[in-house]
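Summary of the model geometry
Here is what each chain is made of, one letter per residue.
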Amino acid sequence: MNVVLVDELVLLTDALQCVLRHMPEVNAVISYPDGKEFLADKSACPPGILIMDWAINGMSGLELLDLSRNAMPKEMKIIILSTVTDVQTIKHAIRRGANGFLPKSAPLEELKEAILMIIAGKQYIGKGIRDNLINSVFTDEQVVLHLSPREKEVLQKVCSGRTIKEIAYDLKLSAHTVQYYHRSVMEKLKVKRTTDLIVYAMQHGLYIPEMK
């Protein structure tokens, strides 16, 4: 398989190229300093694995992840290798199509292990960030369990910028009923303003904005 590295740190990509080329599963390794250059290079064959940073030049990691998923074969695997390792970033990346996420502090042997697991059809979360992710999942699930299906619908529409009247029209409910659900969600999530509600929902993975 071919591997593509997207990272502005040339020293890192040069070192990874040397290591990955010695793996029997790897045919070739190509590196790019940013996502735009990678996507613009039509001469290169689509990689079997894309290893990318989350904080890169030219576009955000989320943008590159979405664009790569749309432009490349669905069989391509994506590994995020980054110093950005907060729980919500990891969740966003996995939900948007990443197959693995490792911190840059991970040893090379763990990266090799992740590659082998991912090409075997599994997902991989770095050992150093796994516990935080698991604890967060349990916390978020407890929050979500307290919301009714209708409250979840209203929450999604509020976060997407819809007004009470627009939500009422979309859900075929009265504005009064939508306001009731809106207040109920805010009470359950312990926030007092709609802006705080949106921030809370995004921070806890309850709402992920769509890429335009």
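What you see is a predicted model, and the numbers here were worked out from it, not measured in a lab.

Turning our eyes to something else, we now look at empty space enclosed by the protein. The tally for this structure, following the rule as stated, stands at one cavity of 30 Å³ or more. Looking at the largest cavity, its volume works out to about 50 Å³. Taken together, Leu5, Val6, Asp7, Leu12, Thr13, Leu16, Ile51, Met52, Asp53 and Leu81 make up the full set of residues lining the largest cavity. Of all elements in the fold, only β1 (2–6), α1 (10–20) and β3 (49–52) reach the threshold of two or more residues within the lining of the largest cavity. The greatest single-element share of the lining of the largest cavity, amounting to three residues, is contributed by α1. Split into classes, the residues belonging to the lining of the largest cavity amount to seven nonpolar, one polar and two charged.

The subject of this paragraph is the layout of surface pockets. Of the voids in this model, the largest pocket is the one considered here, and its volume is about 160 Å³. Taken together, Val4, Tyr32, Phe38, Leu39, Asp41, Lys42, Ala44, Cys45, Pro46, Pro47, Ala71 and Met72 make up the full set of residues lining the largest pocket. In the lining of the largest pocket, the residues fall into 10 nonpolar, no polar and two charged.

Applying the stated rule across the entire model yields 10 salt bridges. Among the salt bridges present, the one from lysine 112 reaches glutamate 109, with a minimum N-O distance of 3.4 Å. Of this pair, lysine 112 and glutamate 109 are both found in helix α5 (residues 108–119), three residues apart, which corresponds to roughly one turn of the helix. A relative accessible area of 24% means that lysine 112 is categorised as partly exposed.

Moving on to the sheet that holds strand β4 (residues 77–82). The six strands are arranged β2-β1-β3-β4-β5-β6 in an open sheet whose pairing can be described as parallel. Each edge of the open sheet carries a strand with a single partner, namely β2 (28–32) and β6 (124–125). The sheet contact formed by β3 and β4 spans four bridges and is parallel. Residue pairing for β4: leucine 50 is matched across the bridge by isoleucine 78.

Turning our eyes to something else, we now look at the nonpolar core. In terms of nonpolar packing, the biggest core is built from 23 residues, with Val6, Phe38, Leu50, Met52, Leu64 and Ile80 touching the most fellow members. Examining the composition of this core, we find that three residues originate from one element, helix α3 (residues 61–71), more than from any other. Filtering out sequence-adjacent residues up to four positions away, valine 6 remains in contact with Tyr32, Asp34, Gly35, Phe38, Leu50, Ile51, Met52, Asp53, Ile56 and Leu64. Counting residues in each nonpolar core, the second largest holds 19 residues, with Tyr181, Met186, Leu189 and Val191 among its members.

Next up on the list: unusual backbone geometry. Phi is positive for lysine 172, which is not a glycine, with a value near 55°. Among the structural elements, lysine 172 can be located in the loop between α8 (164–171) and α9 (175–188). With phi around 60°, lysine 190 is a residue other than glycine that occupies positive phi space. In this structure, lysine 190 sits in the loop between α9 and α10 (194–203). For lysine 190, a relative accessible area of 72% puts it in the exposed group.

The next thing to look at is the environment of glutamate 151. With respect to the secondary-structure elements, glutamate 151 resides in helix α7 (residues 149–159). When its relative accessible area of 5% is taken as the criterion, glutamate 151 is described as buried. As for glutamate 151 and tyrosine 181, which are separated by 30 residues in sequence, their C-alpha atoms are 5.6 Å apart. Among residues more than four places away in sequence, those in contact with glutamate 151 are His146, Tyr181, Ser184, Val185 and Lys188. Separated by 2.9 Å, the side chains of glutamate 151 and lysine 188 make a polar contact.

Glancing now at α8. Here α8 has its buried residues at Ile167, Ala168 and Leu171. Looking straight down α8, one finds its buried side chains confined to an arc of 100°; they lie on one side. The outward face of α8, more than 90 degrees from its buried face, is lined by the exposed residues Lys165 and Tyr169. Along its buried surface, α8 packs onto α7 and α9. After α8 finishes, the residue lysine 172 shows a positive phi value of roughly 55°.

Basis of the calculations
- Residues numbered from 1 in each chain as written.
- Predicted model: local features only at pLDDT ≥ 70, side-chain atom pairs only at ≥ 80, totals over all residues.
- Heavy atoms only, no water.
- 1 Å grid on protein atoms, 1.4 Å probe; cavity = no way out; pocket = protein on both sides within 12 Å on 5 of 7 lines; lining within 4 Å.
- Points joined across faces, edges and corners; volume = space filled by probe spheres on them.
- Helix = DSSP H or I, 4+ residues; strand = E, 2+ residues; numbered from the N terminus.
- Nonpolar A, V, L, I, M, F, W, Y, C, P; charged D, E, K, R; others polar.
- Salt bridge = Lys/Arg side-chain N within 4 Å of Asp/Glu carboxyl O.
- Buried < 20%, exposed > 50% of the residue type's maximum accessible area, 1.4 Å probe, protein only.
- Pairing = 2+ DSSP bridges.
- Core = buried A, V, L, I, M, F, W, Y, C linked by side-chain atoms within 4.5 Å.
- Contact = heavy atoms within 4.5 Å.
- Polar contact = N/O pair within 3.5 Å; in protein donor to acceptor, adjacent residues only side chain to side chain.
- Arc of directions from axis to C-beta.

Remember, this is a structural readout, not a statement about activity or role.
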